[in-house]
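Breakdown of the fold
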Amino acid sequence: MCDEKQEQRINLKFLVKLKKTPTECYKLLQEAYGDNSLSRARVFEWCKRFSEGRESNEDDQRPGRPVTVSTPETVTKINQIVRADRRKSIRMISEAVNADKETVRKILHEELHMKKVCAKLVPKNLTPDQKLLRQQVCSYFLERLEEDPELMKNIITCDETWIFQYDVETKRQSMHWKTPESPRIKKARMSK
């Protein structure tokens, strides 16, 4: 379709140089191209441009947002930025690669298959040493219970005291980018 428009503009330029009127040009184009000819308004517009001395038959640059395309270089650059710091926002990434926010969003979601998720809340993060100690204590109690089944009657329990711990990082602050294959970051719940 674009090549046909270019062809018609070249023909219009020729007709204008032959001193044809815009109405005559329009009728000749309709005769030659039928339903695919330029509209009357476009023919008059281009005739005026060519009669004023315009040589190019290309469209003028249009104002507005530039068309942005995701190039392989941009995709790899965005991938490197996200892998370096998974907590960056789309705005921060778009400023770093000098691209439109919507383009960055499309690259992240459609090409890199990433989504931004909150950290997974777990009851408590234990260090490997703490896990080992808990396992040893439980094994010890099981051994003692086998030797002395009445042991549970001698254990005294009491009510828990709840003390809330202040968590400086909010749920939104803990959000990070992840691919379907990567695990979610774990964040311990507030200790009570």
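Shown above is the structure to which this text applies.
In this report, we go over the structure that sits alongside the text. This one's a predicted model, so the numbers in the text were calculated from it and none came from an experiment.

The rules we used
Residues numbered from 1 in each chain as written. Predicted model: local features only at pLDDT ≥ 70, side-chain atom pairs only at ≥ 80, totals over all residues. Heavy atoms only, no water. Helix = DSSP H or I, 4+ residues; strand = E, 2+ residues; numbered from the N terminus. Buried < 20%, exposed > 50% of the residue type's maximum accessible area, 1.4 Å probe, protein only. Contact = heavy atoms within 4.5 Å. Areas by Shrake-Rupley, 256 points an atom, 1.4 Å probe, with all protein chains shown as cover. Expected span 1.5 Å × (residues − 1). Arc of directions from axis to C-beta. Salt bridge = Lys/Arg side-chain N within 4 Å of Asp/Glu carboxyl O.

1. Some points on the overall build of the protein
Of regular secondary structure, the protein possesses eight helices and four strands. N-terminal to C-terminal, the α/β element order of the protein is α-α-α-α-α-α-β-β-α-α-β-β. For the protein, the proportion of its 192 residues judged to be buried stands at 22%. Long-range pairs, those at least 24 residues apart, make up 64% of the contacts in the protein between residues at least 6 apart in sequence. For the protein, the accessible area works out to roughly 15200 Å², and carbon and sulfur atoms hold 52% of it.

2. Quick look at helix H3 (residues 40-51)
With 12 residues, H3 ought to run about 16 Å at 1.5 Å a step, and its terminal C-alpha atoms sit 16 Å apart, in line with that. Residues of H3 that are buried: Val43, Trp46, Cys47 and Phe50. On an axial view of H3, the arc spanned by its buried residues comes to 105 degrees, and they lie on one face. Downstream of H3 by one or two residues, Gly53 has phi in the positive range, about 105 degrees.

3. Let's talk about the environment of Glu55
Examined against the element boundaries, Glu55 turns out to sit in the loop between H3 and helix H4 (72-84). The spacing of Glu55 and Lys13 is 42 residues in sequence and 8.2 Å in space, taken between C-alpha atoms. Leave out the neighbours within four places in its chain, and Glu55 touches Lys13 and Lys17.

4. Regarding the pattern of salt bridges
Under the criterion given, the structure shown has four salt bridges. Across the salt bridge formed by Arg42 and Glu45, the nearest N and O atoms sit 2.1 Å from each other. Taken as a pair, Arg42 and Glu45 lie in helix H3 at a separation of three residues, close to a single helical turn. Judged by relative accessible area, Arg42 falls into the partly exposed class, the value being 40%. Its relative accessible area of 27% is what places Glu45 among the partly exposed residues. In this structure, the salt-bridge partner of Glu102 is Arg105, at a minimum N-O distance of 2.7 Å. In this pair, Glu102 and Arg105 are both assigned in helix H6 (residues 101-111), three residues apart and thus about one turn of the helix distant. In this structure Glu102 comes out as partly exposed when scored by relative accessible area, which is 35%.

5. Description of the side chain of Gln8
You can see Gln8 is positioned in helix H1 (residues 2-17). The buried category is assigned to Gln8, whose relative accessible area is 1%. Every residue in contact with Gln8, bar those within four places of it in the chain, is listed here: Leu29, Tyr33, Asn36, Ser37 and Leu38.

6. Description of helix H2 (residues 22-33)
The terminal C-alpha atoms of H2 lie 16 Å apart, and with 12 residues this matches the ideal 16 Å at 1.5 Å per residue to within 8%. Looking at H2, one finds that the buried residues are Cys25, Tyr26, Leu29 and Tyr33. Axial view of H2: buried residues confined to an arc of 100 degrees, hence all on one face. Those residues of H2 that are exposed and angled more than 90 degrees off the buried face are Lys27 and Glu31. Once H2 ends, the next one or two residues include Gly34, with phi positive near 65 degrees.

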